[in-house]
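Structure assessment
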Amino acid sequence: MDKEEQIRLYNLTDYYVGLGLALFSSGFIGASFIIKKKALVQISLGNGRRAAHGGYGYLKNWLWWFGLSLMAFGEIFNFAAYAFAPASMVTPLGAISVIVAAILSSKYLNEQLNLLAKIGCFMCIIGSTVIVIHSPKEEEVDNLEDLLQKLTEPSFIVYTSIMLLIIASIFFYFGPLYGSSNVIVYVIMCSTSGSLTVMWCKGLGLAIRETISGQSEFTNWLTYMFIVLLITFVSIQMNYLNKALDTFNTIVVTPVYYVTFTTLVITASAILFKEWEHLQINDIIGIICGFLITVTAIFMLNTFRDVDMSRSNFAWRTRQPILRKTTIEEIAQTSSLIKNNAQYGSRDV
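Every value quoted in this text rests on a predicted model; they were computed, and no experiment measured them. (Residues numbered from 1 in each chain as written. Predicted model: local features only at pLDDT ≥ 70, side-chain atom pairs only at ≥ 80, totals over all residues. Heavy atoms only, no water.)

**Considerations on the side chain of S128**
Note the following rule: By the criteria applied, helices consist of DSSP H or I runs no shorter than four residues and strands consist of E runs no shorter than two, each listed in order from the N terminus. In what follows, residue pairs with any heavy atoms lying within 4.5 Å of each other are defined as contacts.
Relative to the elements of secondary structure, S128 occurs in helix 5 (residues 115-134). Apart from the residues within four sequence positions on either side, S128 is in contact with P92, L93, A95, I96 and T294.

Dropping the structure here:
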């Protein structure tokens, strides 16, 4: 076996390790959404100030801390997945957390999961599978020196500046004015800070991985910068995610958050790590199609969440207009006969 073949097998092993970690991460994170929402509902029914209004009563609730612990485990697995596999593969697998959240919300939060929502869950699995099959299998950054060079490229500096401008505008203006009435405000805040969080997470994961392999990166200032940035942006992300969950329905927050977050992470990853440079055109098309399938499925989960629709209901409702149309036609025909008879009778007289 030549050196090139060994490197390829090594990259594939890392890729599948990252895939497994990403799947475990989605399961934990999906469950944490429901548990934290359950805790926030309990607080809203009590006398505590709600998170949406600036309250922090959830910090005294053990159920919220349990949900946060599950999310922490999920984020640890997610963090490790980014160290092994490309971000453009790991992030879209967050769709699995949407499925977990949808199923658990129907059971524990009494949020409806109808026939179309179940089809949406199935489509999420199909879309995620397509993305995994076509995603890049190799990394474009091998050490922190390469990463630092990419961080200082004009394209990523422009992207980061735009994200920071959005975060500042929501924090100072749009959040206080429109956050409680429009779900997209809090979700955009979570997604913009989250897209940068993934980049810092990827960098810190690379530093830890290099350290484990024998080349210590904890003497490098860049590692500590990643730690500070990661803590800062995770705090912003979690704070506004709590506000979104407390204000809006879980089945609304989860899909919108997934779409915006995934789109921004794929964009940031393409700019910084250039993971798409060596992909063939069929793989690029496959990833785009898989993502669109997943997005469509998630909006099916959201759009039809309040529609009372089951297989028996659907069959009844598709037949009903036909029966009603037939009845109306019969009435019209009967009315016409009566009218004609009346006119005919009056002429006879």
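**Here's the deal with the environment of G175**
Threshold: The cut-offs for exposure are 20% and 50% of the maximum accessible area for each residue type, with area from a 1.4 Å probe on protein chains only; residues under the lower value are buried, those over the upper are exposed, and the others partly exposed.
Position of G175 among the secondary structure elements: in helix 7 (residues 154-178). By relative accessible area, which is 8% here, G175 ends up buried. Sequence-wise, G175 and Y240 are 65 residues apart; in three dimensions their C-alpha atoms are separated by 9.5 Å. The residues contacting G175, other than those within four sequence positions of it, are I170, V185 and Y186.

**Observations regarding the nonpolar core**
Worth spelling out the cut-off: The term nonpolar core refers to a set of buried residues drawn from Ala, Val, Leu, Ile, Met, Phe, Trp, Tyr and Cys, joined through side-chain atoms within 4.5 Å. Residue ranges labeled as domains rest on an automatic or database domain assignment.
By size, the foremost hydrophobic cluster in this structure holds 66 residues, and its most contacted members are M89, L147, L151, M199, W200, F226 and L241. Going through the elements one at a time, helix 1 (3-45), helix 2 (62-84), helix 3 (87-90), helix 6 (144-151), helix 7, helix 8 (183-212), helix 9 (221-247) and helix 10 (250-272) are the ones with two or more residues in this core. No other element matches the 14 residues that helix 8 contributes to this core. Looking at which domains feed residues into this core, each of domain 1 (13-140 + 280-327) and domain 2 (141-274) supplies at least three. Leaving out residues up to four positions away in the same chain, L241 has contacts with F33, M71, C190 and V253.

**What to know about the environment of F156**
Relative to the helices and strands, F156 is located in helix 7. Relative accessible area serves as the criterion here: at 2%, F156 is assigned to the buried category. Residues F156 and A270, 114 residues apart in the sequence, show an inter-C-alpha distance of 9.7 Å. Ignoring any residue separated from it by four or fewer positions in sequence, one finds F156 in contact with K150, L151, M199, W200, I271 and L272.

**Points about the packing of aromatic side chains**
Filter applied, for reference: Each pair of aromatic rings taken from Phe, Tyr and Trp, with Trp reduced to its six-membered ring, is defined by centres within 6.5 Å and is described as stacked if the planes are under 30 degrees apart, edge-to-face if over 60, and tilted in the remaining cases. In this scheme, Lys NZ or Arg CZ marks a charge over a ring once it lies within 6 Å of the ring centre and within 35 degrees of the ring normal.
All chains considered together, the criterion is met by 14 aromatic pairs. Here F28 and F77 contribute two aromatic rings whose centre-to-centre distance is 5.7 Å and whose plane-to-plane angle is 5°, an arrangement assigned as stacked. Note that F28 is positioned in helix 1 and F77 in helix 2, a separation of 49 residues in sequence. Its relative accessible area of 27% is what places F28 among the partly exposed residues. Between the aromatic rings of F218 and Y224, the centroid separation amounts to 6.3 Å while the plane-to-plane angle is 80°, which identifies the pairing as edge-to-face. Overall, the relative accessible area of 33% leaves F218 in the partly exposed class. Counting every residue linked through ring pairs, the aromatic cluster contains F156, Y159, W200, F226 and F233. Taking NZ or CZ as reference, K107 lies 5.7 Å from the ring centre of Y108, over its face.

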